[in-house]
Structure formats: structure tokens, C-alpha cells
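# Commentary on secondary and tertiary structure
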Amino acid sequence: MNNDEEFMQYAIDIANKGKFRVMPNPLVGCVLVKNKEVIAEGWHDHIGGLHAEQMAIADAEARGISLQGATAYITLEPCNHFGRTPPCTEALLWAGIKKVIIGALDPNPTVRGGGLQVLENEGFEFKTGVLKDSCEEQMENFMHWCKFRKPLVTLKAATDKNGRIDTDHDVPARRFSNNVSLNLVHELRAESMAILVGIETVIRDNPSLTVRGPDIGPRERPTRIVIDPNNRIPNSSKLMNDGLAPTLLIQLAEFDKSKDKGHVERVVISDSREIEISKILDMLGDRKIQSLLVEGGGNTWGRFLKSGFVNKAHLCVSDMELGGESDILFGENELKNAGLEIIKDISVESDRITLWRNTT
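Figured I'd write up the structure that's included with this text. (Residues numbered from 1 in each chain as written. Predicted model: local features only at pLDDT ≥ 70, side-chain atom pairs only at ≥ 80, totals over all residues. Heavy atoms only, no water.)

When you go through the protein residue by residue, the secondary structure sums to 12 helices and 14 strands. Projected onto its principal axes, the C-alpha positions of the protein cover 70 × 45 × 35 Å. Counting only residues that meet the buried cut, the protein has 52% of its 360 residues in that class. Intrachain contacts of the protein at a sequence separation of at least 6 include 69% that bridge at least 24 residues. Accessible surface, the protein as shown: approximately 17000 Å² in total, 48% of it carbon and sulfur. (Helix = DSSP H or I, 4+ residues; strand = E, 2+ residues; numbered from the N terminus. Buried < 20%, exposed > 50% of the residue type's maximum accessible area, 1.4 Å probe, protein only. Contact = heavy atoms within 4.5 Å. Areas by Shrake-Rupley, 256 points an atom, 1.4 Å probe, with all protein chains shown as cover.)

Structure below.
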């Protein structure tokens, strides 16, 4: 490696080591370079842990490496405020680093530009915008929330070969995606701060909506959200009883909550006959939820797509045939009609998965 782009790409790559565990913070990587050689590296590993710059400096100090004259490559503008850790600008200053190369500027209005101002005031040489698009893409949930104060919405759908999402309701529900595809769904959940379904999905499937597999560290479990306007959720459902994650019921009126367990919360956010998607997203944004995974069912997918707020989609089509007479179908046309385009098409054993993005 011998140029700014290559060192920044290395910082982006090591930032991924904190994947799933840093929310609501973004993924950030830092490499320290001297004489065109990487001498230390760091990343934000988990919520409450050292920031990337602090870990890289600690890495150098632990190995007795002097940082005088070193250059720091950081994927996000260093912070200049006290949070769970001290300001990263101070750590850079105390370490003797005098040159900083930054990928993306911090979009949070409360801190935007503060780190740069300190670097300038302290006489640092600095440069911004190196691989900016790649850095911002890596932390897109954080960037989206800072800009719109709404979560970035990903729709996850699974169908049989004919576009059916379920068999007849007098037949027990069955899973038809393969295990590898299911593991990818758990990664989607791990990348999300909240998981949403409609009440029909709860009644039909009695899901847990938890992350199984990926290590999400000490961060809070993704909030489970149910659109349940008229309080139809069964008291015996897993979501109401297991206590495995915060559970939020979105309803049209106040209902009896005297028997609810501590992990269950109810909110009323609409005085109309339908709960508007925009109001759901505004409410979640106010709660600092940056990423929302919409898992089902068909009516809920349709409402989110019609709202225009779906940013990404994950469609898994199995080679199985569910049978039955259900006329509820879902597929690529629904996503195309909502302004989404395929960005990736992959085969996962017997399943076909397409990834979509809203390009409007």
C-alpha cells in the first residue's frame, strides 16, 4: 500500500470487524501509517468499547511503537465530545499524530464539523473525502438516520416458486427457505435495530423475531414491532411472554396493559382508521432507531411499498411449491412497481435471492 485510497480501503475493511455489535454507533476503522507502512490499526468493536482511533493508538502503545510523525486514516470524522469514551480528537493530539486523512464527515447535526475544527485549531494537517462514498455506504444506516431522522427500511420477503407466501390457513404454517438462506435472514436481523411484522404474521406463525447465530455483543437486542391496530395479539404469543427483546405494539387506541410483561410497550400514534407508515417511521426515528427490517406479511409489505419509504429489499424465492388455494402472491413486479431495482442476484443452494435498492 502506498497511497491514500489504499490505506483508507484497509481502514474500511477492518471496520467490518465490529459488524452487528456497535449500534447505534456506526462502523469505523482507523489505521496508523508511518513511512508508507501500517504500524497500528483499530476499529470500533462493540458499543461502549474504544473508538477506532483509540484502539489503534492503544495497539501502537502496547507494542512500544512511537506515533510521532504518523498519519491516521479514519473512515469517519473523529468525535470531539464526551460520550461513553473521551473525545478522539484528544487521543490523536496526545499521541503526537499531526496528519489525519478522513473518509466521511460526521452527518450528525449536533457534532458535524466539530472534530475538523479541533484538528484545524491544533495545527493538524488534514484531508477529507478519501473514498467518501465507500465509507458512507458502510455506515448507511447511521447516515440515513442523521439526514432524515427516520430508519432506513429493508423489506425481507420469502416466497415459493409461484410467489405464494403461505398455504391455506387450515394447514399448519411451514418454512420453505433453506438453512443457508435462513442464516442470511438472521444476519439481516443482526444488522437491524428493529424488526417489524403485521398482526396476521403473529397470529399465523407465532414468531420469536430474535437474532440467532450472529454475535451482536452487548448492544440492545433489536426491538420487535407489531402493527396491531385492534389488539388482536394473542396473550399466549412468544412476543408477549418470552422477554428476549423489547416488544412494541402499535395500536389505534388504548387497550388494557395490566397483564403485559416488562418487555412489552404499547403506543398509539394515529387518530385515523389506519396507522400511517410515515407516522410509524417518525416515531421510530424519534426513538433513534436507525434501521428497520420489515418481515411480513403480504399486506404489511404492500403498505410499506405503497408508502415509498422502502430503501432496500431482500427477496428469497424457493424452488418448493406450497400448494393450496391462497391468492396472496408477491414477487419482483411488486418491488419494481415501487421503484426498486435489482442490484445483486445470487443462488443459495436451491433458493434464489435478489437484493434490491430504491434508486429514486
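So that's the structure; there's more coming.
Grouped together as the largest cluster of nonpolar side chains are 37 residues, with contacts concentrated most on Leu32, Ile57, Leu67, Leu92 and Ile97. The biggest single contributor to this core is helix α1 (residues 4–15), with 5 residues. (Core = buried A, V, L, I, M, F, W, Y, C linked by side-chain atoms within 4.5 Å.)

Our next topic: the sheet that holds strand β10 (residues 264–268). Sheets are built from strands that pair by backbone hydrogen bonding, the pairs being arranged parallel or antiparallel. Judged by pairing direction, the sheet is mixed, and its 9 strands sit side by side in the order β10-β9-β8-β7-β11-β6-β12-β14-β13 without closing on themselves. One side of each edge strand has no neighbouring strand; the edge strands of this open sheet are β10 and β13 (340–348). With strand direction ignored, the average angle separating the axes of adjacent strands in the sheet is 20 degrees. Looking at chain direction, strand β12 (residues 312–317) and strand β14 (residues 351–358) are connected through 6 bridges and run antiparallel. Along β14, the bridge assignment pairs Leu315 with Thr354. Along the sheet, helix α10 (residues 277–286) makes contact with β6 (152–159), β7 (194–198), β8 (223–227), β9 (247–251), β10 and β11 (291–296), crossing β9 at roughly 145 degrees. With respect to the sheet, helix α11 (residues 298–307) is in contact with β6, β7, β8, β11 and β13, its orientation differing from that of β11 by roughly 135 degrees. (Pairing = 2+ DSSP bridges. Axes fitted to C-alpha atoms, helices over the stretch in contact; angles between N-to-C directions.)

Once that is clear, we can look at helix α4 (residues 114–121). Of the residues making up α4, those classed as buried are Gly115, Leu116 and Leu119. Seen end-on, α4 carries its buried residues on one side only, within an arc spanning 100 degrees. Elements that come into contact with the buried residues of α4 comprise α3 (88–95), β4 (99–104) and β5 (125–127). Among the residues trailing α4, Gly123 stands out with phi positive, at a value near 80 degrees. (Arc of directions from axis to C-beta.)

Okay, the side chain of His314 next. Within the secondary structure, His314 is located in strand β12. Residue contacts for His314: discarding those within four places in its chain leaves Leu155, Lys156, Ala157, Leu184, Leu188, Ile353, Thr354 and Leu355.

Enumeration over the complete set of coordinates arrives at 21 salt bridges. Ionic pairing is found between Glu191 and Lys19, a salt bridge with its closest N-O pair at 3.3 Å. Of this pair, Glu191 sits in the loop between α7 (179–190) and β7 while Lys19 is found in the loop between α1 and β1 (29–34), placing the two residues 172 residues apart along the sequence. Close ionic contact of Glu332 with Arg352 constitutes a salt bridge, the shortest N to O distance being 2.8 Å. Residue Glu332 is located in helix α12 (residues 332–337), and its partner Arg352 is located in strand β14; the two are separated by 20 residues in the primary sequence. Accessibility expressed as a relative area gives 33% for Arg352, which makes it partly exposed. Here the salt bridges share partners, and the residues they tie into one network are Glu332, Lys336, Asp345 and Arg352. (Salt bridge = Lys/Arg side-chain N within 4 Å of Asp/Glu carboxyl O.)

A few words on the sheet that holds β4. Within the open sheet, the 5 strands sit side by side as β2-β1-β3-β4-β5. Their pairing is mixed. Each end of this open sheet is capped by a strand with a single partner; those strands are β2 (37–43) and β5. The sheet shows a mean angle of 20 degrees between the axes of neighbouring strands, direction not considered. The pairing of β4 with β5 spans 3 bridges and is classified as parallel. Across the sheet, Val100 pairs through a bridge with Phe126, a residue of β5. Packing of α1 onto the sheet brings it into contact with β1, β2, β3 (71–76), β4 and β5, and relative to β1 it is tilted by some 140 degrees.

Glancing now at α1. When the terminal C-alpha atoms of α1 are compared, their 17 Å separation across 12 residues agrees well with the 16 Å that a helix rising 1.5 Å per residue should span. By the burial criterion, the buried members of α1 are Asp4, Phe7, Met8, Ala11, Ile12, Ile14 and Ala15. Turning to α1, the residues buried within the fold contact β1, β2, β3, β4, β5 and α5 (132–138). Looking at where α1 begins, the residue whose side-chain oxygen comes 3.2 Å from the main-chain nitrogen of Glu5 is Asn3. (Expected span 1.5 Å × (residues − 1). Polar contact = N/O pair within 3.5 Å; in protein donor to acceptor, adjacent residues only side chain to side chain.)

Before going further, it helps to examine unusual backbone geometry. Here the residue pair Met23 and Pro24 is connected by a cis peptide bond, since its omega of 10 degrees sits within 30 degrees of zero. Relative to the helices and strands, Pro24 resides in the loop between α1 and β1. Following Gly296, the chain continues to Gly297 via a peptide bond in cis, the omega torsion being 0 degrees. Among the structural elements, Gly297 can be located in the loop between β11 and α11. Positive phi is not limited to glycine here, since Asn206 has a value of about 45 degrees. If you trace the backbone, Asn206 turns up in the loop between α8 (199–205) and β8. Here Asn206 falls in the partly exposed class, since its relative accessible area comes to 29%.

By themselves, these are just geometric observations and shouldn't be taken as functional.
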